[in-house]
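The chain contents come next:
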Amino acid sequence: MTEFPATIDLLVSGGDSRITPNPQTGLNKYGCSTMPDNEIVALGSSTASIISLRGMNAAQVLRERCAQRARRHTLQDVYDQQMQALRSELLSLCGLSEEDKVDALFAASGTDIHLLIAQWLQPDLTVMIDPAETGSGLAAALQGKHFSSDSTCAGGAPESTSVSDWQGELQTLVAREKNGKPRDIASVDAELLDIVEQAIKANKRLLLILTDVCKTGLIFPGIASIKKLQQRWPEKIQVVVDACQFRLSKQSLRAYLAHDFCIALTGSKFLGGPTFSGALLIPHSVANARQDQVLHEGARAYSHAADWPRGYKASLNLHPGTNFGLLLRWEAAIAELREFAQLNEQQIRPFLQAFHKAVSDRIQQDPHFEAVSNPMLDRSEIGSVGNWDEEQSIFPFIIYRVTSSGERQPLSRSESAKVYQELQRPADVQQHRRFQLGQPVLCGERIGVPVSALRLCVSAPMLVSAQEKTTADNMIAEAVLALDRIIEIIDTL
Ligand SMILES: Cc1ncc(COP(=O)(O)O)c(C=O)c1O
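Because the structure is predicted, anything quoted here is derived from the model rather than measured. (Residues numbered from 1 in each chain as written. Predicted model: local features only at pLDDT ≥ 70, side-chain atom pairs only at ≥ 80, totals over all residues. Heavy atoms only, no water.)

S.K.: Would you explain the packing of helix 2 (residues 53-69) against helix 10 (residues 324-340) in this entry?
M.R.: When two helices pack together, their arrangement is captured by the angle between the axes and the distance separating the axes. Two elements in contact, helix 2 and helix 10, have axes whose closest approach is 8 Å; the angle formed by their N-to-C orientations is 130 degrees. Our classification of the angle between helix 2 and helix 10 gives oblique. At the point where helix 2 passes helix 10, the crossing takes the right-handed sense. The segment helix 2 lies against helix 10, with Arg54, Gly55, Ala58, Ala59, Leu62, Arg63 and Cys66 engaging Phe324, Leu327, Leu328, Glu331, Ala332, Ala335, Glu336 and Glu339. (Axes fitted to C-alpha atoms, helices over the stretch in contact; angles between N-to-C directions. Helix = DSSP H or I, 4+ residues; strand = E, 2+ residues; numbered from the N terminus. Parallel < 35°, antiparallel > 145°, perpendicular 65-115°, else oblique. Left-handed = near helix turned anticlockwise from the far one by under 90°. Contact = heavy atoms within 4.5 Å.)

S.K.: Explain the domain arrangement of the protein here, please?
M.R.: Accessible area lost during the coming together of the parts is what is often quoted as the interface size. Partitioning the protein into structural domains gives domain 1 (75-338) and domain 2 (345-492). Of note, the centres of domain 1 and domain 2, computed from C-alpha atoms alone, are 28 Å apart. At the junction of the two partners, domain 1 supplies 31 residues and domain 2 supplies 31 residues. Here domain 1 and domain 2 share an interface that buries about 2500 Å² over both sides, 61% of which is from carbon and sulfur atoms. At the junction of domain 1 with domain 2, the criterion picks out three salt bridges. Viewed at the interface, domain 2 and domain 1 are joined by 15 residue pairs in polar contact (both at pLDDT 80 or more). Elements supplying a minimum of two residues to the side of domain 1 that touches domain 2: helix 7 (223-232) and helix 8 (250-258). Counting residues per element, the side of domain 1 that touches domain 2 draws most heavily on helix 8, at four residues. (Domains from an automatic or database assignment. Buried area = accessible area lost by both parts, 1.4 Å probe. Salt bridge = Lys/Arg side-chain N within 4 Å of Asp/Glu carboxyl O. Polar contact = N/O pair within 3.5 Å; in protein donor to acceptor, adjacent residues only side chain to side chain.)

S.K.: Looking at this model, I keep getting lost on unusual backbone geometry. Mind explaining?
M.R.: The bulk of non-glycine residues show a negative phi, and the bulk of peptide bonds are trans. In this structure, Val213 follows Asp212 across a cis peptide bond, with omega equal to 0 degrees. Within the secondary structure layout, Val213 lies in the loop between strand 5 (206-212) and strand 6 (219-220). With an omega dihedral of -10 degrees, the bond running from Phe220 to Pro221 counts as a cis peptide bond. Despite not being glycine, Gln122 shows a phi value in the positive range, around 45 degrees. Tracing the backbone shows Gln122 in the loop between helix 4 (110-121) and strand 3 (125-129). One non-glycine residue, Ile447, lies in positive phi territory at about 45 degrees. Relative to the helices and strands, Ile447 is located in the loop between strand 13 (434-446) and strand 14 (449-457).

S.K.: Hey, could you run me through the environment of Ala335 in this one?
M.R.: In this fold, Ala335 is placed in helix 10. For Ala335, a relative accessible area of 5% gives the class buried. Along the sequence, Ala335 and Gly55 sit 280 residues apart, while their C-alpha atoms lie 5.7 Å from each other. (Buried < 20%, exposed > 50% of the residue type's maximum accessible area, 1.4 Å probe, protein only.)

S.K.: Whenever I open this one, the pattern of salt bridges confuses me. Can you help?
M.R.: Where charged atoms of side chains with opposite charge meet at close range, the side chains can pair. For the coordinates displayed, the defined rule picks out 29 salt bridges. A salt bridge links Arg434 to Asp37; the nearest nitrogen and oxygen atoms lie 2.9 Å apart. Taken together, the positions of Arg434 in strand 13 and Asp37 in the loop between helix 1 (7-11) and strand 1 (40-43) put the pair 397 residues apart, joining distant regions of the chain. According to the relative accessible area criterion, Asp37 is buried, its value standing at 19%. For Glu415, the salt bridge is made with Arg401, and the minimal N-O distance between the two is 2.8 Å. Here the residue Glu415 occupies a position in helix 12 (residues 413-424), and Arg401 occupies one in strand 11 (residues 394-402), the gap between them amounting to 14 residues.

S.K.: Is there a simple way to explain the side chain of Thr111 in this structure?
M.R.: Mapped onto the fold, Thr111 is located in helix 4. Of the residues examined, Thr111 reaches a relative accessible area of 6% and is grouped as buried. Apart from residues no more than four positions distant in its own chain, Thr111 is found in contact with Arg18, Gly137, Leu138, Ala141 and Phe147.

S.K.: I keep staring at the site of the ligand and nothing clicks. Help me out?
M.R.: Neighbouring the ligand are 16 residues, the closest being Arg18, Gly110, Thr111, Asp242 and Lys269. Side-chain polar atom of Thr134 to a nitrogen atom of the ligand: 3.1 Å apart, as the coordinates give it. Note that an oxygen atom of the ligand is positioned 3.0 Å from one of the side-chain N or O atoms of Gln245. With the chains in place, 96% of the 390 Å² that the ligand exposes on its own is no longer accessible. Residues belonging to the shell around the ligand are distributed by class as follows: three nonpolar, nine polar and four charged. (Near = heavy atom within 4 Å. Areas by Shrake-Rupley, 256 points an atom, 1.4 Å probe, with all protein chains shown as cover. Nonpolar A, V, L, I, M, F, W, Y, C, P; charged D, E, K, R; others polar.)

S.K.: Can you walk me through the packing of aromatic side chains in this structure?
M.R.: How two aromatic rings sit relative to each other is set out by the distance from centre to centre and by the angle between their planes. Tallied over the full model, the rule gives 15 aromatic pairs. For the ring pair Phe4 and Phe324, a centre distance of 5.1 Å and an interplane angle of 75 degrees mean the geometry is edge-to-face. Taken together, the positions of Phe4 in the segment before helix 1 and Phe324 in helix 10 put the pair 320 residues apart, joining distant regions of the chain. When sorted by exposure, Phe4 lands in the same class as Phe324, which is buried. Both rings, one in Phe351 and one in Phe355, keep their centres 5.9 Å apart while their planes meet at 50 degrees; by these two values the pair is tilted. Note that Phe351 and Phe355 are positioned in helix 11 (residues 345-365) at a spacing of four residues, about one turn of the helix. Pair check on accessibility: Phe351 and Phe355 agree, each one buried. Site record: aromatic cluster; members linked through ring pairs are Phe4, Tyr79 and Phe324. Sitting over the ring of Phe276, Arg18 keeps its end group 4.4 Å from the ring centre. Taking the ring centre of Tyr400 as reference, the NZ or CZ of Arg408 above it sits at 3.9 Å. (Phe/Tyr/Trp six-rings, centres within 6.5 Å; stacked < 30°, edge-to-face > 60°. Lys NZ or Arg CZ within 6 Å of the ring centre and 35° of its normal.)

What follows is the structure in structure tokens.
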């Protein structure tokens, strides 16, 4: 038998080019290294995270186990067993047991999960949030197109060409006004209702994507209107919650599933696993309704049979195959989830509130910054109340240059991108600490200048570490230091 690949090689295999390290820097497109990097201040979990030591150890242990088993079994058998074990553990850490009748599908990223959902459900029309507020490949994936020129398993598919014989329409809803304020909920509801009514009249089947939460931390569109529409036309509408940020409590996951909504998750943002990994929680009610749907062979580029729950006809056309990179990336994320799942409300909320206060106070007091506002995260419509996920854990803000006369000039998008890069990879590494923030997100205009928001984010590993008071205080101080450093960088632009 050939040698089982090394953990670090596996971790960057079985995904699209977003996970490939640049040979010069050893970093991927998001500045994440393949090895743990304790020197960087990691505040960018809304985009991607760097593998932790805990995650690396877990991946290494699983790699050893797989290598040992591969001496007695086929690689296929080893992969199938381990994916099944991963599935059971993810569900159990989400607080779900067999009685809850929920399955899990795995894929190389949140974007791949959306691509597979669309291939499986084949809606005539999908409605989702403004593409700037979600993964950049989602719009293509949901319409049945390759979102990148090097798809997951097979590679070499031209971007924007069709994955299969199915293609769907897509409509997007703007989430924020030009000034960055969240759009009035009533106008969003009215626009959505109009789109849905017209589609139903034309006898179309719809996929509604409820994003909880988006890149800048909103739940969008309103849960109430999505729920109402789905209850009115249950045969025509399927809802998928895009919870790829995975900033959801077990209670909220359960509540969404109880409404027959599927939930898309990733292990590589809030959870702190390596870039990238995706999963879809599927209630049995949804699986039963789609039980005869077989995926087109075009989906082979994104999925292996063992990535699907056992017994799903959807996977009949897929090749057996293995993706040990995906398995190990998820294992590293699960190592973080094991720790996080042990924390209770009282251990989570106080740090989120303290972080929020420190960062908001600093942003509000300083003319170099403007907070991008977010309403309360209210999930009472699905019966999830009083849980830690009501607290913000993504803090977006716009940057300004302040002239000697006190005049504020917003940084352009390219300037904000430079700030983001310089924070992460300072020109003078000896001199400055490295800070990783969430990638800039387009956020309208200020004084006629198109702007982007940078994001400070709290992750699950931070919340685990915050149980130690001094560490908690240090992490908050570091977030404030990141803001100080931004001001220094503005002056060098
Ligand atoms: C809300 C949301 N959904 C989906 C995605 C796509 O997930 P991935 O980056 O794993 O492809 C992102 C990425 O930032 C996201 O923020």
